[in-house]
Amino acid sequence: MTITVLPHRDTAGLKAGQLFIDGEWASARDGSTWTHHHPATGEEVGEFAVASAADVDDAVAAAGKAFESWGRSTVTTRVSVLLKYAGLLRAHADELRALLALDNGVPLSFGNIYATSVTAAADVFTHHAGWVDKVGGTTLPPYQGGDHLAMTFREPIGVVGAILPWNAPFLLFAQKVAPALGAGCTVVLKASEYATFSVVRMVELLAEAGLPPGVLNLVTGPGDPAGERLITHPDVAKVSFTGSRAVGKRIVEASAGTLKRVSLELGGKSPALVFPDAPNVGLAAMTTMGAVTMGLSGQACVANTRALVHREVYDEFITAAQGMAAAVTYGDPFDPGVISSPLINERQLERVLGYIERGKSEGRLVTGGERLDGDYADGNFVAPTIFADVDNSATIAQEEIFGPVLTVVPFDSEEEAIALANDTEYGLGAGLFTGDTARAFRVARRLRAGTIGINGFQIEPHLPFGGFKQSGLGREGGRSAFEAFTEEKSVLMPLGEEMM
Ligand code: NAD
């Protein structure tokens, strides 16, 4: 059996990707293009424009011009666009999922997992539409007494540069674009070069929802030059980024030039803490190993890739995790029996295989540890891999591998488990498995991470999501995420005739 995704290209309606600037679709000024190779098959899927710095300048100028009216648009205008768009997303969910499978090889069978689904993206738009008429200022009692008005206003921050990764573009598009537009900002969006076609379609639908020209502009292509120009452009007031820690640090550095506002959703090395009183150790193992292998094949920021397991249930955990690894299927993302995906590109494949080689001297290889060959040889497939008996200070327990690799570290006490869990530069998420409610909350409160799942985990559009420590700056979801696209302004006025 040779895997091919090409028959799905026409049915999915995939066409060459263009830039969207000031309401018009166009090629890059210098005509540059990128050919996308499918990660499961190596086939050429299609081409899209590579934006130059000059194209980004055009996009920022269009967003700047549109800000003059969108920034002062009515509540009704903004809410109706956001809600209409949420409806369009739901109506086009199947088409978008197919385009994403052609982009990043994530199987259709995974498209219904809530966090990465079109439904979640639509829900984020619905959620943020609700803030448009609720986020505002206050009137405060004056310290000076008498008739003084002391008021605050929240005003849109200006032009936002929003930069997406390739792994969950539906949700992350929504987490940035919905609050930005709802707050009255205009946007220059940069898609990842490894997930462009689905984002192009999302932008087409946004125009269909009635968004005026220039309010959202799309630039495509790799980080350099398009991303670099966006993060250094003097007229971009805020950069909202999801991606790797390395690029996040570069954005902080670049923002210093014009003191841009920055929000960052970065990587993680999240722990799963499995206590001996877990209601079902087998289920805890399958949930943990499932998140590292199913769907995105471990290329998920918040996957619990570091299992901390009490010695009493250690062997039981590893046996069940091994069972999960054996059940994972790979291949054509359009095959409903396929539940996992390839690594996104050859660079990532080499990186993951490098960590696996290193892991062989840092722990006990339980299963996996190799690239898949035979029918899978043209794709970037790596077998689900478990390393047991790893010291928490080992490279494979500290660095984000972003592949189907679980490291398992034993512990003896609750105190030790908490210390190991927090012994990381990251702090995006954590899972804990226990049947003791008091322990669940005691431990959850002490973990230095942004999102904690107790006996399970689910993204919710209205809950803040983001990282402690080097996993990021700021939060997406909820009121504070909406407010992060505004500036606060104080306005004062004495009501009587008096000198200040
Ligand atoms: P990446 O950092 O390589 O790329 C992300 C985006 O940044 C892409 O659009 C890329 O073109 C762009 N980019 C690259 N260099 C740039 C530069 N110099 N200036 C501006 N933009 C630049 O990340 P990726 O491989 O697409 O995604 C994987 C990473 O994203 C992982 O580390 C993962 O943990 C993280 N991630 C985090 C979250 C979260 O919510 N915390 C969600 C998904 C992914």
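Residues numbered from 1 in each chain as written. Predicted model: local features only at pLDDT ≥ 70, side-chain atom pairs only at ≥ 80, totals over all residues. Heavy atoms only, no water.

Details of the sheet that holds strand 20 (residues 486–494)
Pairing between the strands of a sheet comes from backbone hydrogen bonds, and it takes one of two forms, parallel or antiparallel.
Phase 1: Pairing within the open sheet is antiparallel, and its 3 strands lie in the order 5-6-20. On the outer flanks of this sheet lie strand 5 (139–140) and strand 20, each paired with one strand and no other.
Phase 2: As paired elements, strand 6 (residues 148–156) and strand 20 share 9 bridges and run antiparallel to each other. The residue bridging P156 from the neighbouring strand is T486, located in strand 20. (Pairing = 2+ DSSP bridges. Helix = DSSP H or I, 4+ residues; strand = E, 2+ residues; numbered from the N terminus.)

Re the UniProt feature "active site" (unreviewed entry) in the protein chain
Phase 1: The UniProt record marks E265 with the feature "active site" (unreviewed entry), using the residue numbering of this structure.
Phase 2: Checked against the element boundaries, E265 lands in strand 11 (residues 261–265). (UniProt positions renumbered as here; feature names shortened; annotations may be inferred.)

A few points about the nonpolar core
Phase 1: Formed by 68 residues in total, the largest nonpolar core has its most connected members in Y85, L89, F125, F173, L181 and L189.
Phase 2: Among the elements that line this core, the one with the most residues is helix 6 (residues 169–183), at 10 residues.
Phase 3: When neighbours within four sequence positions are excluded, Y85 is seen to be in contact with F125, F173, M202, L205, L206 and A209.
Phase 4: With 30 residues, the next largest nonpolar core counts A278, V309, I318 and V366 among its residues. (Core = buried A, V, L, I, M, F, W, Y, C linked by side-chain atoms within 4.5 Å. Buried < 20%, exposed > 50% of the residue type's maximum accessible area, 1.4 Å probe, protein only. Contact = heavy atoms within 4.5 Å.)

Re helix 11 (residues 314–327)
Phase 1: The end-to-end C-alpha distance of helix 11 is 20 Å, a good match for the 20 Å that 14 residues give at a rise of 1.5 Å each.
Phase 2: Buried within helix 11 are the following residues: Y314, F317, I318, A320, A321, M324 and A325. On an axial view of helix 11, the arc spanned by its buried residues comes to 165°, and they lie on one face. Facing away from the buried side of helix 11 by more than 90 degrees, the exposed set consists of D315, T319 and A326.
Phase 3: Turning to helix 11, the residues buried within the fold contact strand 12 (271–274), helix 10 (281–293), strand 13 (306–310), strand 14 (364–367), strand 15 (385–388) and strand 16 (405–411). (Expected span 1.5 Å × (residues − 1). Arc of directions from axis to C-beta.)

Things to note about the site of the ligand
Phase 1: For the ligand, the set of nearby residues contains 28 residues, the closest of which are L164, E193, S244, L266 and E400.
Phase 2: Between a nitrogen atom of the ligand and a side-chain N or O atom of E228, the distance comes to 2.9 Å.
Phase 3: Calculation on the ligand without its partners gives an accessible area of 850 Å², and the protein chains cover 88% of this total.
Phase 4: Elements represented by at least two residues in the shell around the ligand include exactly helix 8 (223–232) and strand 10 (238–242).
Phase 5: Its residues placed into classes, the shell around the ligand shows 15 nonpolar, 8 polar and 5 charged. (Near = heavy atom within 4 Å. Polar contact = N/O pair within 3.5 Å; in protein donor to acceptor, adjacent residues only side chain to side chain. Areas by Shrake-Rupley, 256 points an atom, 1.4 Å probe, with all protein chains shown as cover. Nonpolar A, V, L, I, M, F, W, Y, C, P; charged D, E, K, R; others polar.)

With respect to the side chain of T242
Phase 1: Inspection of the secondary structure assignment puts T242 in strand 10.
Phase 2: Residue T242 is classed as buried on the basis of its relative accessible area, which comes to 9%.
Phase 3: For T242, the side chain forms a polar contact with the side chain of K176, separated by 2.6 Å.
Phase 4: Once you skip the residues sitting within four places of it in the chain, T242 turns out to touch I163, L164, P165, L172, K176, E265 and E476.

Observations regarding unusual backbone geometry
Phase 1: The peptide bond linking D224 to P225 adopts the cis configuration, its omega dihedral lying at 15°.
Phase 2: Position of P225 among the secondary structure elements: in helix 8.
Phase 3: The phi dihedral of D22 is positive, around 55°, even though this residue is not glycine.
Phase 4: One can find D22 in the loop between strand 1 (19–21) and strand 2 (24–26).
Phase 5: Look at F402: it is not a glycine, yet its phi comes out positive at around 60°.
Phase 6: On the basis of relative accessible area, F402 is assigned to the buried category, the value being 17%.

Thoughts on the pairing of strand 12
Phase 1: Residues P271 and L273 point to one face of strand 12 and A272 and V274 to the other, with burial holding for every one of them.
Phase 2: Relative to strand 13, strand 12 runs parallel, the two being bridged by 4 bridges. In the sheet register, P271 faces strand 13, and the bridge partner there is R306.
Phase 3: For the crossover from strand 12 across helix 10 to strand 13, the handedness is right-handed.
Phase 4: Strand direction decides the pairing type here: strand 12 and strand 17 (residues 429–433), joined by 3 bridges, are parallel. Paired with V274 across the strands is F433, a residue of strand 17. (Right-handed = clockwise from strand over helix to strand, strands pointing away.)

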